[in-house]
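Architecture at a glance
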Amino acid sequence: MLKFTPILLALLYALAMYRFSVWRTTRELDARSSELADPRLKAMCDRLARALDLPRVRVHLYEIDPVNGLAAPDGRIFITRGFYRKFQTGEVSAEEMTSVIAHELGHVALGHARRRMIDFSGQNALRTALAMVLSRFLPGIGVWIANGVTTLLAAKLSRGDEYEADEYAAALLTKAGIGTAPQKSLLAKLAALTSGAGGVMPAWLMSHPPTPERIAAIERLEARWKGALR
């Protein structure tokens, strides 16, 4: 029974972390956001809504400075204040901002937003169990190895989600008559838009795939669509 103790403790820890993470995320977003009221973006979101056969697509403004879009586990879509400023200054077009919204809608529709919270808890459980087990045999470095394994796992899962959300957004933008050009042009701008956020991590450790690979994936998708129409 004792040999299973680390696993049982990890499972209990995962459950507690999941519940706490959902509560903390919801509380933070409720306290620091409001519905975005911008007529230009509303017109674009209405096009997405018609393509999805929905009455409307709600977008919320999250009052933080980093440039980002977010999909909450409860299905809400958020644009950060920092990203909205880029739109207000003309660095990002309405179509490009809409491509971000479509991408986040993809995370919601594909279940990524809720699953990511579960993944986060699961990764913490794995980290705890590995650290407990490895520390018995490798004192001093067991925790370091456990952290490395779970970090690589998290990066791989996140990159896969980003490709899937990009594909969903490309299809939605095409159906809405906006097309994928704004999606690709925004991706090309991301490095400049997010500069100042710190050093560049190796591509295999980034939570998002390298930008050229994301653009290439969208172009391969477009080529398949064109081939299917011939």
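Since we're looking at a predicted model, the values are computed, not measured. (Residues numbered from 1 in each chain as written. Predicted model: local features only at pLDDT ≥ 70, side-chain atom pairs only at ≥ 80, totals over all residues. Heavy atoms only, no water.)

Here we come to the sheet that holds strand β2 (residues 60-62). Taken together, the 4 strands give an open sheet; going across it, the order is β1-β2-β4-β3, and neighbouring strands pair in mixed fashion. In this open sheet, the two edge strands, each paired with only one partner strand, are β1 (33-35) and β3 (69-71). Pairs of neighbouring strands in the sheet enclose a mean axial angle of 30 degrees, with direction left out of account. Pairing between β3 and strand β4 (residues 77-80): 3 bridges, direction antiparallel. (Pairing = 2+ DSSP bridges. Helix = DSSP H or I, 4+ residues; strand = E, 2+ residues; numbered from the N terminus. Axes fitted to C-alpha atoms, helices over the stretch in contact; angles between N-to-C directions.)

In this model, Asp-53 sits at a positive phi of 60 degrees, which is unusual for a non-glycine residue. Positionally, Asp-53 belongs in the loop between α2 (39-52) and β2.

Remember that side chains alternate between the two faces of the sheet whenever the strand is regular. Of the two faces of β4, the one lined by Ile-77 and Ile-79 and the one lined by Phe-78 and Thr-80 are each fully buried. Here 3 bridges tie β2 to β4, and the two strands are oriented parallel to one another. Counted as the bridge partner of Tyr-62 is Thr-80 from β4. Turn length for the β3-β4 hairpin, with the two strands adjacent in sequence and antiparallel, is 5 residues, and the turn residue Gly-75 shows positive phi of about 95 degrees. (Buried < 20%, exposed > 50% of the residue type's maximum accessible area, 1.4 Å probe, protein only.)

Along the polypeptide, Arg-76 turns up in the loop between β3 and β4. Here Asp-74 takes part through its side chain, which lies 2.8 Å from a polar atom of the side chain of Arg-76. For Arg-76, the residues in contact, after removing those within four places along its chain, are Thr-26, Leu-29, Asp-30, His-60, Leu-70 and Ala-71. (Polar contact = N/O pair within 3.5 Å; in protein donor to acceptor, adjacent residues only side chain to side chain. Contact = heavy atoms within 4.5 Å.)

Considering every residue of the chain, the mean pLDDT works out to 79; 66% of them sit at 70 or more. Ranking the elements of the chain by mean pLDDT puts helix α5 (residues 112-137) last with 59 and α2 first with 96. (pLDDT = per-residue confidence, 0-100.)

Let us look at the nonpolar core. Leu-48, Val-57, Ile-79, Phe-83 and Ile-101 are the most contacted members of the largest nonpolar core, which has 30 residues in total. Secondary structure elements with two or more residues in this core: α2, β4, α3 (81-88), α4 (94-109), α6 (142-175) and α7 (181-193). When sequence neighbours within four positions are dropped, the list of residues in contact with Val-57 reads Cys-45, Leu-48, Ala-49, Ile-101 and Leu-105. (Core = buried A, V, L, I, M, F, W, Y, C linked by side-chain atoms within 4.5 Å.)

The next thing to look at is the environment of Arg-56. With respect to the helices and strands, the residue Arg-56 is situated in the loop between α2 and β2. On a C-alpha basis, the gap between Arg-56 and Cys-45 in space is 7.4 Å, while along the polypeptide they are 11 residues apart. Among all residues touching Arg-56, those that are not within four sequence positions of it are Glu-35 and Ala-49. Among the polar contacts listed, one links the side chain of Arg-56 to the side chain of Glu-35, at a separation of 2.5 Å.

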